[in-house]
Amino acid sequence: MFVKHGMNQLSSSRNFTLSSSAVLRRQHFLIRSLAGGGHSNYCTLNRMQETNPLEADAENILRAITPSLDPTRHKGQAGKIAVIGGCREYTGAPYFAAISALKIGADLSHVFCTKDAAPVIKSYSPELIVHPILEESYSIGEGDRKYISGKVVAEVDKWLERFDCLVVGPGLGRDPFLLDCVSEIIKQARRLNVPIVVDGDGLFLVTNSIELVSGNSLAVLTPNVNEYKRLVQKVLNCEVNDQDAHGQLLSLSKRIGDVTILRKGKADLIADGEIVKSVSVYGSLRRCGGQGDILSGSVAVFLSWARQYIMAAEGNVAIRPTNPTVLGCIAGAALLRKAASLAFENRKRSTLTGDIIEYLGKSLEDICPAC
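Residues numbered from 1 in each chain as written. Predicted model: local features only at pLDDT ≥ 70, side-chain atom pairs only at ≥ 80, totals over all residues. Heavy atoms only, no water.

As named in an unreviewed UniProt entry, the protein chain is ATP-dependent (S)-NAD(P)H-hydrate dehydratase, taken from Manihot esculenta. Its UniProt record gives the protein chain the following Cofactor (unreviewed entry) comment, quoted word for word: "Mg(2+)". Taken from UniProt, the Function (unreviewed entry) comment for the protein chain reads in full: "Catalyzes the dehydration of the S-form of NAD(P)HX at the expense of ATP, which is converted to ADP. Together with NAD(P)HX epimerase, which catalyzes the epimerization of the S- and R-forms, the enzyme allows the repair of both epimers of NAD(P)HX, a damaged form of NAD(P)H that is a result of enzymatic or heat-dependent hydration." (UniProt positions renumbered as here; feature names shortened; annotations may be inferred.)

In structure tokens, the structure reads:
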């Protein structure tokens with residue numbers, strides 16, 4: 001009786017209809033584990049989810065903003081995404097972000113990386129368009145810095161207007177010269193009103209130069225626990241307050257100038273200076289590296305789709321909220337969690353980032369069938 005009762009509660013409290021009884025059983029186990037294993041705690045957790053006014057209606061948002069597959073559309077109309085990242089040490093992160101965008105349904109995905117990283121990233125997939133134009137300090141002389149910097153920025157600038165969203169940071173590294181070049185790219189993207197998702201080493205850059213994103217309503221920051229701690233310390237000059245997580249996140253977003261922030265955690269929290277939303281769909285117990293890169297690529301695609309949806313609706317938007325950056329964050333966070341859940345159900349402890357990426361398409365198909 002307990003299992004039946006618990007499964008009914010789980011079904012009513014979750015945002016997604018999971019595709020198999022095996023997955024449902026796994027989610028039942030996860031909730032019991034997170035709630036401490038007791039019947040009382042388990043029921044209390046479900047009641048909290050059912051009555052949580054901040055929980056986003058992720059499934060309906062995904063259905064609304066995901067464009068239909070239309071034979072009259074041409075290449076590029078479903079999204080052109082670019083990732084700025086990838087250096088000698090880190091080649092996996094930009095690949096994960098860029099390939100996730102394609103797996104969700106973007107038409108084109110570019111990677112702007114260093115010359116050392118380009119052959120490696122190209123070898124991962126022929127689907128990506130790789131630009132080996134970024135430079136690190138070790139490869140240039142002191143007297144050539146200004147010339148090389150201008151050349152790098154000009155090369156990226158030739159492409160910027162073509163993109164629906166820019167992802168800055170996956171595998172970028174912290175080379176000072178490289179970060180200076182990326183700072184100029186961020187400024188130019190802002191001048192052209194190109195939305196930007198900042199993750200990884202991009203967050204290191206903007207935390208130390210907050211003016212790069214301050215007041216940019218088309219910017220999204222996606223910090224993990226440590227990156228969020230540094231942001232709070234830098235901007236609010238205090239420590240993280242988990243007792244008032246929603247209020248502090250809202251204050252942080254306002255202080256930066258209504259930038260949208262997706263705080264990753266047990267429940268993902270999203271704020272844009274006006275509202276706070278939560279996405280707490282259960283994902284995976286396996287915390288393999290690279291899931292944040294999937295998220296940044298996913299948010300970029302859904303953000304661009306949300307902008308298209310809102311423009312096409314001409315004010316008659318049937319979902320709330322209506323900020324495209326918030327909608328993109330909700331959709332990206334929810335889809336990643338669903339894909340991670342399916343991957344974990346099949347792979348258990350051996351789940352890797354690539355396994356999760358392979359379930360992105362199925363997860364979206366379960367909610368928004370292509371035909």
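1. Some words on the environment of Val120
Following the sequence through the fold, Val120 ends up in helix α6 (residues 118–124). Classification of Val120 as partly exposed rests on a relative accessible area of 32%. Along the chain, Val120 and Tyr95 lie 25 residues apart, while their C-alpha atoms are 9.7 Å from each other. (Helix = DSSP H or I, 4+ residues; strand = E, 2+ residues; numbered from the N terminus. Buried < 20%, exposed > 50% of the residue type's maximum accessible area, 1.4 Å probe, protein only.)

2. Description of the pattern of salt bridges
Opposite charge on two side chains permits pairing when their charged atoms draw close. Under the counting rule described, the total for this entry stands at 14 salt bridges. Asp201 serves as the salt-bridge partner of Arg174, at 3.2 Å between the closest nitrogen and oxygen. With Arg174 in the loop between β4 (165–168) and α8 (176–191) and Asp201 in helix α9 (residues 201–208), this pair connects stretches of sequence that are 27 residues apart. Given a relative accessible area of 45%, Arg174 falls into the partly exposed group. Among the ionic pairs, Lys187 bridges to Glu184, the shortest N-O distance being 3.2 Å. Of this pair, Lys187 and Glu184 are both found in helix α8, three residues apart, which corresponds to roughly one turn of the helix. (Salt bridge = Lys/Arg side-chain N within 4 Å of Asp/Glu carboxyl O.)

3. Here's the deal with the environment of Ile148
Structurally, Ile148 can be placed in helix α7 (residues 145–160). Among the residues examined, Ile148 registers a relative accessible area of 15% and is labelled buried. It is 9.2 Å that separates the C-alpha atoms of Ile148 and Cys181, two residues lying 33 residues apart in sequence. Apart from residues lying up to four places away in sequence, Ile148 is in contact with Glu135, Ile140 and Phe177. (Contact = heavy atoms within 4.5 Å.)

4. Brief notes about the packing of helix α5 (residues 92–104) against helix α12 (residues 291–313)
Contact geometry of α5 with α12 gives a least axis separation of 7 Å together with a crossing angle of 40 degrees. Between α5 and α12, the angle falls in the class oblique. Taken as a pair, α5 and α12 cross one another with a handedness that is right-handed. Taken together, the residues of α12 that come into contact with α5 (itself represented by Ala93, Phe96, Ala97, Ser100, Ala101 and Ile104) are Asp293, Ile294, Ser296, Gly297, Ser298, Val301, Phe302 and Trp305. Residue composition of the contact of α5 with α12, by class: nine nonpolar, four polar and one charged. (Axes fitted to C-alpha atoms, helices over the stretch in contact; angles between N-to-C directions. Parallel < 35°, antiparallel > 145°, perpendicular 65-115°, else oblique. Left-handed = near helix turned anticlockwise from the far one by under 90°. Nonpolar A, V, L, I, M, F, W, Y, C, P; charged D, E, K, R; others polar.)

5. Comments concerning the pairing of strand β7 (residues 260–263)
Neither face of β7 is left uncovered, since the one carrying Thr260 and Leu262 and the one carrying Ile261 and Arg263 both have all their residues buried. With two bridges connecting them, strand β6 (residues 219–221) and β7 associate as parallel partners. When the sheet's bridge partners are listed, Leu221 is paired in β7 with Ile261. Between β7 and strand β8 (residues 268–271), which pair antiparallel one after the other, the connecting turn spans four residues. (Pairing = 2+ DSSP bridges.)

6. Digging into the packing of aromatic side chains
Within the structure shown, the criterion is met by four aromatic pairs. Seen in terms of ring centroids, Tyr95 and Phe96 are 5.8 Å apart; in terms of plane orientation they differ by 55 degrees. Their pairing is tilted. An angle of 80 degrees between the planes, with centres 6.0 Å apart, marks the rings of Phe112 and Phe163 as edge-to-face. Residue Phe112 is found in strand β2 (residues 108–114), and its partner Phe163 is found in the loop between α7 and β4; the two are separated by 51 residues along the sequence. (Phe/Tyr/Trp six-rings, centres within 6.5 Å; stacked < 30°, edge-to-face > 60°.)

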